[in-house]
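# Fold and geometry: a report
Residues per chain, in single letters:
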Amino acid sequence: MLKVKNLMVFYENMLAVNNVSMNCDKGQIVGVFGANSAGKSTLMYALSGIVLDIKKKEDMRGGERITLLGEITFNGEDVLHLKPSERAKRGIVLCPERRRIFPESSTFENLKIGGYLATRVQAKETLDYIFSLFPALDSREAKRRSGGFLSGGEQQMLAIGRALMAQPKLLLLDEPLLGLSPGLQLALVKAIEEIRDRKGISLLVTEQYARPLFPVVDYGYILENGSLVLEGTSQELISNPDVKSAYFGI
Ligand code: ATP
């Protein structure tokens, strides 16, 4: 489904993503684990195409030079130079780090905005699905509340819901568990698994720590200073002593 080969992203001369090759197959949950500044968000921007928007903005204001090299194919099609909206149409949808929901818009409006690519029937079905997946959003009061007044957990649910409204085939989740309590993390990990199992959507998820997400990950990569240093099945990764101490805290 998604195949990445020798991907490089430079911010001027700074190499933020270094020769990354990775795959995500249909129906898989793939984890990318890395510390602060490892390059997780830059990788997600490159996969979703947002890096092209950032590059254009920088070029227009005469700012830093951003260079993108390598290959990204999705279902056999080269998407490296496609705009984020074109990639979204093909099913690659990003749910960015720190939620980025519209704080002044209500829960319901946030979800509607996400559904701009959906038909009426799809939008209705997906809304019903989101409210069954995240019952915390499913009250008259919660639907009307401004996004900015939702709790951190509810905002994350809304951000994932908004991404689901775009009818993804591959959902990119950038640090979805960041700043959430262990209980909420568990609920979100269950939701991630449910999205894969029920909707057949593939998920590529970045996190700093592997432990909460690990039970549902089919395949994982370890990203350090922009490079993939290790990859494998959950079993292979957890049996590596360095990974165990750095990403599991054990
Ligand atoms: P975090 O967990 O803190 O979000 P991350 O793994 O997502 O980190 P990135 O945000 O991708 O990491 O950053 C990777 C590296 O690229 C960092 O050294 C960061 O300082 C640098 N970087 C990110 N954005 C820019 C930019 N616009 N210009 C220059 N350097 C950048």
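In this report, the structure presented in the accompanying data block is examined. (Residues numbered from 1 in each chain as written. Predicted model: local features only at pLDDT ≥ 70, side-chain atom pairs only at ≥ 80, totals over all residues. Heavy atoms only, no water.)

## Some points on the overall build of the protein
The helix and strand inventory of the protein stands at 10 helices and 10 strands. In summary, the protein has a C-alpha radius of gyration of 18 Å against a globular reference of 18 Å for 250 residues, a match within 12%. Each principal axis of the C-alpha distribution contributes one length, and for the protein these read about 50 × 45 × 30 Å. Look at the contacts in the protein between residues 6 or more apart in sequence, and 70% of them connect residues 24 or more apart. By element, 52% of the accessible surface of the protein is carried by carbon and sulfur atoms, the whole surface being about 11,900 Å². Separation of charge centres in the protein, based on 31 positive and 29 negative side chains, amounts to 6 Å. (Helix = DSSP H or I, 4+ residues; strand = E, 2+ residues; numbered from the N terminus. Rg over C-alpha atoms; globule rule 2.2 N^0.38 Å. Contact = heavy atoms within 4.5 Å. Areas by Shrake-Rupley, 256 points an atom, 1.4 Å probe, with all protein chains shown as cover. Lys, Arg positive; Asp, Glu negative; His and termini not counted. Charge placed at Lys NZ, Arg CZ, Asp CG, Glu CD.)

## Digging into the packing of aromatic side chains
Counted under the stated rule, the structure contains two aromatic pairs. An angle of 50° between the planes, with centres 6.0 Å apart, marks the rings of Phe33 and Phe214 as tilted. Of this pair, Phe33 sits in strand 3 (residues 29–33) while Phe214 sits in the loop between strand 8 (202–207) and strand 9 (219–224), and the two are 181 residues apart along the sequence. Exposure remark for Phe33: the relative accessible area of 0% places this residue in the buried category. For the ring pair Tyr219 and Tyr221, a centre distance of 5.3 Å and an interplane angle of 65° mean the geometry is edge-to-face. The residue whose ring lies beneath Arg162 is Phe102, and the NZ or CZ to ring-centre distance is 5.0 Å. One cation-aromatic arrangement involves Lys199 over Tyr129; the distance from NZ or CZ to the ring centre is 4.5 Å. (Phe/Tyr/Trp six-rings, centres within 6.5 Å; stacked < 30°, edge-to-face > 60°. Buried < 20%, exposed > 50% of the residue type's maximum accessible area, 1.4 Å probe, protein only. Lys NZ or Arg CZ within 6 Å of the ring centre and 35° of its normal.)

## So, helix 2 (residues 50–60)
For helix 2, the complete set of buried residues consists of Val51, Leu52 and Glu58. Down the axis of helix 2, the buried side of the element spans an arc of 125°, and every buried residue falls inside it. Looking at helix 2, the residues exposed on the side facing more than 90 degrees away from the buried face are Lys56, Lys57 and Met60. Packed against the buried residues of helix 2 are strand 1 (2–11), helix 1 (40–48), strand 4 (66–74) and helix 3 (84–90). Following helix 2 by one or two positions, Gly62 has its phi on the positive side, about 65°. (Arc of directions from axis to C-beta.)

Scope: geometric values only; no functional claims are made or implied.
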